Amino acid sequence: MYNKLKLYVPPALWLLLFLLSVYRFEWIAQWLSFLGPSKGALRARAPLSFYVFQHVRLVLISTFFSMVLGITLGLLTRFRPFREFKEPLLQTATFLQTLPSIAILALSVPLLGYGQAPVVIALVFYGLLPILRNIIQGLDSVPEEVRLSAAGMGMTPWQRLIDVEWPLALPAVLAGIKTSVIINVSAATIGATMGAGGLGVLIVNGIRTMDIMLIIKGALPVSLMAFLINSIFTLLEEQWFGNRDGVRL
Amino acid sequence: MSENKKLGYGKVGNLGAALYAVSALFFPYIQYRPNRVLTGEAYRLWQIDGMQGIIYCAIMLVISLLLFVLPHKRRFMRALLTLAAVFMTLFSLGQSAASLTSGDSIARASMGAGFWLSLASVFLMLSAARLEYVHDRLFQNALTLFSLSIFFVLLFLGVFDGLSVMREYLNRKETFLSQASAHLILASTSVGAATLLGVPLAFALFSRKRLERAVFFLVNLGQTIPTLSLLGLLMVPLGYLSSKYQIIKSLGISGVGFWPAWIALFIYALFPILHNALAGLQMVDPAVTQAAFSVGMTKNQVFYKVQIPLAIPLMISGVRTALTQAMGNAVLAALIGGGGLGSLIFLGLAQSAPDLILLGTLPLVLLTFLTDALLGRVVVALDKGGSL
Amino acid sequence: MIQTKNLTKIYNGITAVDNVSLEVPSGELCVLLGPSGCGKSTLLKMINALVPPTSGEIFVNGKNTHDIPVELLRRGIGYVVQNVGLFPHYTVMRNIGVVMKLLNKPKEDIEKRALFLLDLIGLPRSYASRYPRELSGGEAQRVGVARALAADPAILLMDEPFGSVDPLNREHLQNSFTEIQKTLKKTVLFVTHDVSEALMLGDRILLMQEGRIVREGTPGDLVFQEGDNFSQAFFGSEMALKLLSRYRVGQAYTKGMKIQNAACQPSRVGEAIPCLVSGNMPLSEALSLMIINGCRELAVSGDGFPQGTLSFESLLSYFRKGAPNVQ
């Protein structure tokens, strides 16, 4: 019981800090006032929560589509007409993932223009790569004897996928989603330079005007958000897969 | 049985070949703008300059058709045809851009959706061709190398000079070259320094369980911080210190410029390097170290002759990750006046000049790809123990 | 009953199974024996349609498997693979119940059956809630057998089921499987490359080489009748010793006490007492005892009292006219 509760401590802590950094920024500003006076941080055009919500929305929407597309594509490679595409897809995803997110974001501008939609599309595309990669590798690494006995016991291909292969690949898929979300949180800040809004706006404006407090105002919540998400996924991994074997990458 | 009667590539390559034909026929290959400001008109490949475009288009169609009807066994012919397809995609782009804008220094021609599709289809065909030579690593690498050199040869021959990106390049040759080299210096020196610090640090930390766990925790957190956020947060103490102490300022360290960017990249590179060096040391099979002790090696000998050599491939792959990441992250340096390819990209974003964005991004993509591929080869070559 | 007619499988031009016709009558445990790569596993997999045959026909319980939907066919056949292949994300209970669930049996029935099977294979009922990774190799293997038996199939296909278990546990498993088979009387096709295992378990052995069945017969036939070079080399010259483990002291001893050369173990009081063995002991162990104790006779007990003797001579005469057919 105690051990179970202990798992909830890090996410709770990060959540608390995150909320503090959003709703009680004045405290932090006061505490850091020795850094010098803030030019615009405390009387910004919109409240901090506005940028936070913009950021969260950007990440949620793009992660959602990344998941849907990545998982669909990954599962499709298990079916006959698409099986041959598995290797090329995996190779392509691995290759594209080495490219920096900013390159994908920057390339979306000449192709799609400025604003939120192009950034979301770029994030969806970039974020689906780790998911796709992990689902393909996760399904591939289900042990041969498990596959064989599932077939040998008379499971239909569909039952095999749903009841055996998918649950065993799930830890890998979850790890892929985690990578994807964290990448998206980071890439979404860069999206600010392409007119997508979010917390990156504060950081970029802070850098441009040399306003240290404004930088902190944007950078602190976005870092804490990343920590929070990271710890939530760690919690989920422990809760769901802590006591059984699965395919881990 | 049916193996012998099958035609063409497998499904992947056939899809590529089909898309190749479609891209040449139906999609706008080139975007033409009379000048930098006016909105452009789209040209399909066969619409360009009388016979020229039609000939290119026809050649591409023939390649695609041949790929479909060649017997499945003729894989070498197919590999050659794929290389021809790579050539035609690039060559027809350059030639048609040149003929559209010839003699008109204001007019701009840039890549259209058709070209990008054609490039993607070529990529599909290449990966299918590589798949056909699955047991022949040498030939696979040769295929990649040949397609890359086709690109570079055409580039140096000036075939792409009619393209707007190249026009942009020729206009800003000096700036581009200096920014590109600044980019390389920024990324490589920070990663080099991180390697010099990180690897010995990992050795020192190794087998101190508590410290190791603390480091893994920190590294895990550090890798989670958004890069831009780290860069911004780093400006805070540096800016503060330089405003407070004259010595630091006189060293050239302040909140903006080269150094904060360098330090941010350095810290960011430290994470994967530390992580992999530690993981590499931990991964060495205890049976192997035991065997080394049992033949009479001293603790130091075991460390230097057994543990380090076995951990090196994973360490290098940490450097590979760090350098690939740094190539991308160095773009952000431009935001705080650190220079690099990012200055072109952000200038392009600010001026809505797509050509400028491309001029920054395309070399970046190429650089990242080359770094990753080269260091990847190094890792494979070093990995004699097969630990990866 | 399992029957194949002219079954052939060709992989990329290589003939894995070559025109095999065999028949396993109901209730028989038939062993497919052969070196690795001889096609025995492929033959097994063709029977439950995991591998499609290139040509030939398969009949299970008199029906051509070609006419039965694969899933239905497989649900009617128990299948045990090497390395067990338990589902790591299911408890032991769910693992055992998989096929029954596929057959839409009610939940109570599945649980009752699973507990019954745990008893049968000799694992405590508390294991029902464990996950496979909490089992030892031998225990996992037992659960694998239980899973195959769950839906009470008439036919069992076993592909080197005890191959990955250490020798001591393997012997345990083989013994308890023999016991189970005695009561359940399944039609079993059992693949192995282990001669001892084949001689110990099989009612009948089919020896395979390069995709063909080169010899067949009861374990006794194979040991006592001369075979070709391959078969002699494969069985090895100590095959008779391996055969001994099939038989029990109780089958070969002579009643009545005429102990002359019985092994004597020094007892604590200093008096020598004759070495007493139970009728259940395999003959191989009895022979081993004779060698260790340097004697030619052992006293055989029943209900704790000496009832007869097993002498080296009686052992020889038991096998004189070839191996007796004892179940």
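Residues numbered from 1 in each chain as written. Chains lettered and ligands numbered in written order. Predicted model: local features only at pLDDT ≥ 70, side-chain atom pairs only at ≥ 80, totals over all residues. Heavy atoms only, no water.

## Thoughts on the interface of chain C and chain A
Phase 1 of the analysis: In this complex, chain C contributes 24 residues to the contact, which on the side of chain A involves 22 residues.
Phase 2 of the analysis: Each partner contributes to the roughly 1900 Å² buried at the junction of chain C and chain A, and carbon and sulfur atoms together form 66% of this total.
Phase 3 of the analysis: When the buried surface of chain C facing chain A is broken down by residue, Phe87(C), His89(C) and Arg133(C) rank first, second and third, together holding 28% of it.
Phase 4 of the analysis: Taken together, chain C and chain A are joined by zero salt bridges.
Phase 5 of the analysis: At the junction of chain C and chain A, the tally comes to seven residue pairs in polar contact (both at pLDDT 80 or more).
Phase 6 of the analysis: Only helix 2 (70–75), strand 6 (77–80) and helix 3 (92–102) of chain C provide two or more residues apiece to the side of chain C that touches chain A.
Phase 7 of the analysis: A per-class count over the side of chain C that touches chain A returns 13 nonpolar, five polar and six charged. (Contact = heavy atoms within 4.5 Å. Buried area = accessible area lost by both parts, 1.4 Å probe. Salt bridge = Lys/Arg side-chain N within 4 Å of Asp/Glu carboxyl O. Polar contact = N/O pair within 3.5 Å; in protein donor to acceptor, adjacent residues only side chain to side chain. Helix = DSSP H or I, 4+ residues; strand = E, 2+ residues; numbered from the N terminus. Nonpolar A, V, L, I, M, F, W, Y, C, P; charged D, E, K, R; others polar.)

## A word on the sheet that holds strand 1 (residues 2–11) of chain C
Residues and elements named next belong to chain C.
Phase 1 of the analysis: Pairing in this open sheet of four strands is antiparallel, and the strands run 2-1-4-5 from one edge to the other. Across the chains shown, the open sheet's two edge strands, defined by having one partner strand only, are strand 2 (14–24) and strand 5 (63–64).
Phase 2 of the analysis: Pairing geometry for strand 1 and strand 2, over seven bridges, is antiparallel. Pairing of Gln3 across the sheet is with Glu23, part of strand 2.
Phase 3 of the analysis: Sitting on the sheet, helix 1 (residues 40–47) is in contact with strand 1, strand 2 and strand 4 (55–60), with an inclination near 120° to strand 1. (Pairing = 2+ DSSP bridges. Axes fitted to C-alpha atoms, helices over the stretch in contact; angles between N-to-C directions.)

## Focus on the confidence of the model for chain B
Reading fine detail from the predicted coordinates is not recommended where pLDDT is low.
Phase 1 of the analysis: Scored by pLDDT, chain B has a mean of 84; 94% of the residues are at 70 or more.
Phase 2 of the analysis: The least confident element of chain B is helix 10 (residues 246–250) of chain B, whose mean pLDDT is 69; the most confident is helix 7 (residues 173–205) of chain B, at 91. (pLDDT = per-residue confidence, 0-100.)

## Regarding helix 1 (residues 11–26) of chain B
Phase 1 of the analysis: In this model, helix 1 of chain B (16 residues) spans 22 Å end to end at C-alpha, consistent with the 22 Å of a helix rising 1.5 Å per residue.
Phase 2 of the analysis: Along helix 1 of chain B, the residues that are buried comprise Val12(B), Gly13(B), Asn14(B), Gly16(B), Ala17(B), Tyr20(B), Ala21(B), Ser23(B) and Ala24(B).
Phase 3 of the analysis: Packing partners of the buried residues in helix 1 of chain B comprise helix 5 (86–98) of chain A together with strand 1 (28–33), helix 2 (51–69), helix 3 (75–101) and helix 4 (113–132) of chain B. (Expected span 1.5 Å × (residues − 1). Buried < 20%, exposed > 50% of the residue type's maximum accessible area, 1.4 Å probe, protein only.)

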